[in-house]
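A structural walkthrough
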Amino acid sequence: MQPLQVIRSKTVVMASTNIDTDQIIPARFLTVTTKEGLGKELFADWRYDAQGNPNPNFVLNQPQSKGSQVLVAGKNFGCGSSREHAPWALLDFGFRAVISSEIADIFKNNSLKNGLLPVVVDEATHAWLIGNPGADVTIDLSTNTLTLPGERRIAFAIEAFARYGLLNGVDELGYLRSKLADIERYEAARGW
Amino acid sequence: MNPRTLFDKLWERHVITESADGTALLYIDRHFLHEVLSPQAFEGLRLTGRKVWRPETSLATADHNVPTTARKLGIADPMARAQVEQLARNCVDFSITEFGLDDQRQGIIHVIGPEQGATLPGMSVVAGDSHTCTHGAFAALAFGIGTSDVEHVLATQSLSMKRMKPMQVRVDGQLARGVTAKDLILSLIGTIGTSGGIGYAIEFQGSTIQALSMEGRMTLCNMAIEAGARVGLIAADETTIDYLRGRPYVPRGAQWDRAVEYWRTLKSDDDASFDRSIVIDASHVQPMVTWGTSPEMVVPVDGCVPDPGQEPNESKRNGMVQALSYMDLRPGTLIAQIPLDKVFIGSCTNSRIGDLRAAAAIVRGGRVAASIRQALVVPGSGLVKAEAEAEGLDQVFVEAGFEWREPGCSMCLGMNDDRLNAGERCASTSNRNFEGRQGAGGRTHLVSPAMAAAAALAGRFVNIAHL
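Numbers given for residues are sequential positions, taken from 1 along each chain in its written order. Labels follow written order: the first chain is A, the first ligand is 1, and so on. With pLDDT at 70 or above as the cut-off, local features in this predicted model cover only qualifying residues; side-chain atom pairs require 80 or more to be listed or tallied, and sums for whole chains, interfaces and linings still use all residues. Hydrogens are left out, water is left out, and the side-chain values use all remaining heavy atoms of the structure.

**Topic: the overall build of chain A**
By the criteria applied, helices consist of DSSP H or I runs no shorter than four residues and strands consist of E runs no shorter than two, each listed in order from the N terminus. Secondary structure assignment for chain A yields eight helices and seven strands. Compactness check: chain A gives a C-alpha radius of gyration of 18 Å against a globular reference of 16 Å for 192 residues, within 12% of the reference. A principal-axis box enclosing the C-alpha atoms of chain A has dimensions of 60 × 45 × 25 Å. Any two residues whose heavy atoms approach within 4.5 Å at even a single point are treated as in contact. For chain A, the proportion of contacts with a sequence separation of at least 24, taken over those separated by at least 6, is 64%. All accessibility values rest on the Shrake-Rupley procedure with a 1.4 Å probe; residue burial counts only the protein chains present in the view. Summed over all atoms, the accessible surface of chain A reaches about 8000 Å², with 49% contributed by carbon and sulfur. For chain A, the centre of its 19 positive side-chain charges and the centre of its 21 negative side-chain charges are spaced 3 Å apart. Using C-alpha atoms as the atom set, the radius of gyration is obtained and then compared with a globule rule of 2.2 Å times the number of residues to the power 0.38. The charge count includes Lys and Arg as positive and Asp and Glu as negative, but it does not include His or the ends of the chains. Charged side chains are reduced to one point each, which is NZ for Lys, CZ for Arg, CG for Asp and CD for Glu.

**What to know about the nonpolar core**
The criterion is simple. A nonpolar core is a set of buried Ala, Val, Leu, Ile, Met, Phe, Trp, Tyr and Cys residues joined through side-chain atoms within 4.5 Å. Three exposure classes are used, based on accessible area relative to the maximum for each residue type with a 1.4 Å probe and protein chains only: buried under 20%, partly exposed in between, and exposed over 50%. Counting residues in hydrophobic clusters, the biggest one holds 107 residues, and the most contacted among them are Ile96, Phe143, Leu154, Val169, Phe204 and Trp263 of chain B. Of the residues forming this core, the biggest block, seven residues, is contributed by helix 6 (residues 181-192) of chain B. Beyond its immediate chain neighbours, meaning those up to four positions away, Phe204 of chain B contacts Val169, Ile185, Leu188, Ile209, Leu220, Cys221, Gly232, Leu233 and Ile234 of chain B. One finds Ile25 of chain A together with Phe397, Ala400 and Phe461 of chain B within the second-largest nonpolar core, a separate group that totals 84 residues.

**Considerations on the interface of chain A and chain B**
Across the contact, 52 residues belong to chain A and 60 residues belong to chain B. Once two parts are put together, the accessible area they lose, assessed with a 1.4 Å probe and summed over both, is termed the buried area. Both sides together, the interface formed by chain A and chain B hides about 4800 Å², and carbon and sulfur atoms give 56% of it. Between N or O atoms, a polar contact is any pair within 3.5 Å; within protein, one atom must be a potential hydrogen donor and the other a potential acceptor, and residues adjacent in sequence are included only when both atoms are from side chains. For the pair chain A and chain B, the number of links is 27 residue pairs in polar contact (both at pLDDT 80 or more). Looking at the side of chain A that touches chain B, the elements that each hand over two or more residues are helix 1 (21-24), helix 2 (44-47), helix 3 (85-93), helix 4 (105-112), helix 6 (160-168), helix 7 (172-177) and helix 8 (180-190) of chain A. Sort the elements by how many residues they give to the side of chain A that touches chain B and helix 8 of chain A lands first, with seven residues. Residue composition of the side of chain A that touches chain B, by class: 17 nonpolar, 15 polar and 20 charged. We call Asp, Glu, Lys and Arg charged. Ala, Val, Leu, Ile, Met, Phe, Trp, Tyr, Cys and Pro are nonpolar, and the rest, Gly among them, are polar.

So yeah, pure geometry; function would need other evidence.
Here it is in structure tokens:
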């Protein structure tokens, strides 16, 4: 996992509410046994027509989206299945952060474990971002702030533990393994 | 001691260590594995030379992409086959029990866990599948996880988790004729929305819940995730204990007695406080049908497709317009006039014996409408299938024109050959009506098993309360 501190990027906006993980990556692409290369299937049913040609009306196929690292999405982004292929696909495509007014719990959790930053903002900030696609934003994880054009700073919350992992690029498993003595003590007390 | 909710009791029992911000290291008692979300987790263990910490706590089976016909021929799709074979190899290498495709105990993990008694009250239960909330029907703290967490649980039996907030959904009164647990949960989701439960663990309480069978309770908890809640919960009672008695994985003898004594404490204290409370009068719930592409887009069967023009909220309105376009429906169309192409009875929501009995009771002596291209019944496990066959339910379905299949997730998510084609419209007892969920371009209407059965015979939705 790459350490993540500051992201500076233009935004891409997908305003629909309830964008579920079946849209982010349809189930038929989940038969893989590796994590890599899923970016080409990201939003496959919206991005390509039935013949596999890019749909020119879909935002990620438009030139202004190229190189963007920040996806601004409608409320309740990532609802549905627990497939970690969803953040894997978003990361492989090039996104490093998703901003919404609500982000589904399991998707949020999966994202934090892979270096994709979920940023939950208030309704007013969200509405501004939805209404201003392509805005230049800066997300600074070291100060937990999202900066909009005109130096408007918005604080966002993130769990301390997940934040530490993202800032340092540390895999959570290393931390959990350092707790094995505590785990054994717990098991003994519960009577394994 | 302060009064505690059932969630508080379950959470606190599993905390190994807790930090000041409420993040806990949580101990996991039971881990169900399937072929789709586990390969990368086992690969992670291999790459680092790690072992599975407590292999006896895991139980595995392939369910998501297995064929439901001619199973002896194997799996045609080479990638799906590789994934199923990989699960078998991983379970051998890491000493985990797996029910293979030739084992009668194979089935959907959320059906077979309870069926085996591998899910018990008071346990923490995880699986790499969002519908793990199903197991909360047994007063177990159960939630879905991703592949990273699957690896973490395999390696350490623990997870780092932020504490959820308890929400109470209280349902009292009697459900009307033809109204089921499925209608109740769809109705709740229609009320609080698909993000209403984000950050919460929902506990279902009240006389209506107490009167439900374990199967009805599982249907209810199964779709807590569709309300945004990772956890659904129901207190343990005599119905829970009666269901579990004698099942293969439950404790025996004096251990059973001790367990039962503990299970009886697994309910919220009388004056425990919840962060949010919803009250539902069961007698007002009607048979429900979804019309759109989110489970919150749901109306009673006697209703009609809503008009986005009447929706004041702009983003909701846009969502409705998009959904109506995808579903090829017009505002004002009566739900009962929507013509159907396919019917699917199955999934971790509604594929248990009680679900099949309810559907068969409607089907008995009838014929699937000529306009229905395919009507599938997919039992949730090999044992459910055998029980249904012993009762002659398979004959009821087959004589009416349904196809009687082998167990698996099947057309709920179309990872195997059971799919909707573009433009096909399906009455489905599954849990998600997302765009393309049952096959690219397919259109899903979520309903109860009885409604799906009635829809198969009529070729459209009918009010089963009037049958």
